[in-house]
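A look at the structure
Here are the chains, one letter per residue:
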Amino acid sequence: MKDKFHGVFSLIFIFAAVVVALIYMLSLSGRLGLIYLVIILIANPIVLYSYCAKCLCREDACSHLFPGKLTRLLPGRQQKPYTFGDYFWTGISLAALLGFPQIWLWQSKSLFIAFWILLLGGLIEILFLVCPKCKNENCPNCKLT
């Protein structure tokens, strides 16, 4: 588990950012919060299927721990290089997940800043502490290729 600390910690940061946005949006409007909740519930499985399910490490060496295990619930995919479609659906899902709440978060500068500090904290963890140890040779961030 020690090897997975930064992978799990980065997901906690990102999860916290999304929760900040969700709670704020729910406080503004139940309908708005529900729309964002639906985006969360749709975007995450798409990312898991489009990206994580093709990762060479997902079964036993996933640094993020949970996404690798969750891919077992999805239809199987071959571990081979990512396609344009894989990047496209991952990008669209992440853009919706992280971009949708920005207009409303901007109304509360402190929550907007909190969201971005948490999100950037998670991304920095991933890029500098998770990616260098990852063995997914198909990932463009993999340092082995």
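The structure this text deals with has already been given above.
To start, this report covers the structure provided alongside it.

Parameters and conventions
Within every chain, residues take consecutive numbers counted from 1 along the sequence as written. In keeping with the predicted nature of the model, local features appear solely for residues at pLDDT of at least 70, side-chain atom pairs appear and are counted solely at 80 or more, and the whole-chain, interface and lining totals rest on all residues. As a rule here, side-chain values cover all heavy atoms of the structure and leave hydrogens and water aside. Labels follow the DSSP assignment, with helices taken as runs of H or I lasting at least four residues and strands as runs of E lasting at least two, numbered in each case from the N terminus. Each residue after the first adds 1.5 Å to the expected span of a helix. The rule is simple: take the accessible area with a 1.4 Å probe, protein chains only, and divide by the maximum for that residue type; under 20% is buried, over 50% is exposed, in between is partly exposed. Within this analysis, the arc is defined by the directions that extend from the helix axis to the C-beta atoms. Contacts between residues were defined by any pair of non-hydrogen atoms, one from each residue, lying within 4.5 Å. Classification of ring pairs uses Phe, Tyr and Trp, with its six-membered ring standing for Trp, and accepts pairs whose centres are within 6.5 Å; under 30 degrees between planes counts as stacked, over 60 as edge-to-face, and the remaining range as tilted.

Side note on helix α6 (residues 109–130)
- Its 22 residues give α6 an end-to-end C-alpha distance of 30 Å, which sits within 8% of 32 Å, the value for a rise of 1.5 Å per residue.
- Taken residue by residue, α6 has Phe115, Leu119, Gly122, Glu125, Ile126 and Val130 as its buried positions. Taken end-on, α6 shows its buried residues confined to a sector of 115°, consistent with a single buried face. Of the exposed residues in α6, the ones pointing more than 90 degrees away from its buried face are Ser110, Ile117 and Phe128.
- Check the buried side of α6 and you find it contacts α1 (5–28), α4 (84–99) and α5 (102–105).

Some points on the environment of Leu97
- With respect to the helices and strands, Leu97 occurs in helix α4.
- The class for Leu97 is buried, based on a relative accessible area of 6%.
- Residues Leu97 and Ile42, spaced 55 residues apart in sequence, show a C-alpha to C-alpha distance of 9.1 Å.
- In contact with Leu97, not counting residues within four places along its chain, are Val18, Tyr36, Ile39, Ile40, Ala43 and Asn44.

Here we look at the packing of aromatic side chains
- With the rule as written, the count across this model stands at eleven aromatic pairs.
- Ring centres 5.0 Å apart and planes at 45° place the aromatic pair Phe100 and Trp104 in the tilted group.
- Considering the side-chain rings of Phe115 and Trp116, the 5.6 Å spacing of their centres and the 75° angle between planes classify their relative orientation as edge-to-face.
- When its relative accessible area of 0% is taken as the criterion, Phe115 is described as buried.
- Taken together, Phe5, Phe9 and Phe13 form an aromatic cluster joined through their ring pairs.

Observations concerning the environment of Leu111
- If you trace the backbone, Leu111 turns up in helix α6.
- By relative accessible area, Leu111 is classed as partly exposed at 26%.
- Considering only alpha carbons, one finds Leu111 and Val8, 103 residues apart in sequence, at a separation of 23 Å.
- Setting aside chain neighbours within four positions, we find Leu111 in contact with Val20, Tyr24 and Leu105.

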